[in-house]
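# Structure at a glance
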Amino acid sequence: MESRFNTLKTLIESKKEKYPNISNIWLKYLDQKFTLLNQSLDKAEVIFNNIDNNQDIPYSTIAILYLINQERLP
């Protein structure tokens, strides 16, 4: 995945001279998404490294937590 990400960034960079605005927007967007993905992976790693000390969460609780989280977003 990371090589695909870097390949895409290289492609965008190669078009940057002719299309600077859209290139800059895409580069910033991709960097933000990549950062968020890495943060999510870090969180998942922490959770699953420590999961043996807890019980599983029911689907209904997960659904409620998901809906509550969606309400907080702009």
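Scroll up to find the structure this text is about.
Structure report, in brief. (Residues numbered from 1 in each chain as written. Predicted model: local features only at pLDDT ≥ 70, side-chain atom pairs only at ≥ 80, totals over all residues. Heavy atoms only, no water.)

## Describing the overall build of the protein chain
We apply this condition: A helix here means a DSSP run of H or I that spans at least four residues, while a strand means a run of E at least two residues long, and both kinds are numbered starting from the N terminus. Based on C-alpha atoms, the radius of gyration is set beside the globule rule, defined as 2.2 Å times the residue count to the power 0.38. Partly exposed describes any residue whose relative accessible area lies between the buried limit of under 20% and the exposed limit of over 50%, with all areas from a 1.4 Å probe on protein chains only and scaled to the type maximum. Each accessible area value is a Shrake-Rupley result obtained with a 1.4 Å probe; residue values ignore everything except the protein chains displayed when judging cover. Only four residue types enter the charge count: Lys and Arg as positive, Asp and Glu as negative, with His and the chain ends excluded. Positions of charges follow a simple convention, taking NZ of Lys, CZ of Arg, CG of Asp or CD of Glu.
Of regular secondary structure, the protein chain possesses three helices and zero strands. The order of α-helices and β-strands along the protein chain, N terminus first, is α-α-α. Taking 11 Å as the expected radius of gyration for a compact globule of 74 residues, we find that the protein chain reaches 18 Å, considerably beyond that expectation. By its C-alpha atoms, the protein chain is 55 × 30 × 15 Å across when sized along the principal axes. Expressed as a percentage of its 74 residues, the buried residues of the protein chain come to 7%. For the protein chain, the accessible area works out to roughly 7,100 Å², and carbon and sulfur atoms hold 58% of it. Once the 9 positive and 9 negative side-chain charges of the protein chain are each reduced to a mean point, those two points are 12 Å apart.

## Some thoughts on the pattern of salt bridges
Short version of the rule: Any Lys or Arg side-chain nitrogen found within 4 Å of a carboxyl oxygen on Asp or Glu counts as a salt bridge.
The tally for this structure, following the rule as stated, stands at one salt bridge. Two residues, K9 and D31, come together in a salt bridge whose shortest N-O distance is 2.9 Å. You can see K9 sitting in helix α1 (residues 2–15) and its partner D31 sitting in helix α2 (residues 20–49), a full 22 residues away along the chain. In this structure K9 comes out as partly exposed when scored by relative accessible area, which is 22%. Given the relative accessible area of 34%, D31 is considered partly exposed.

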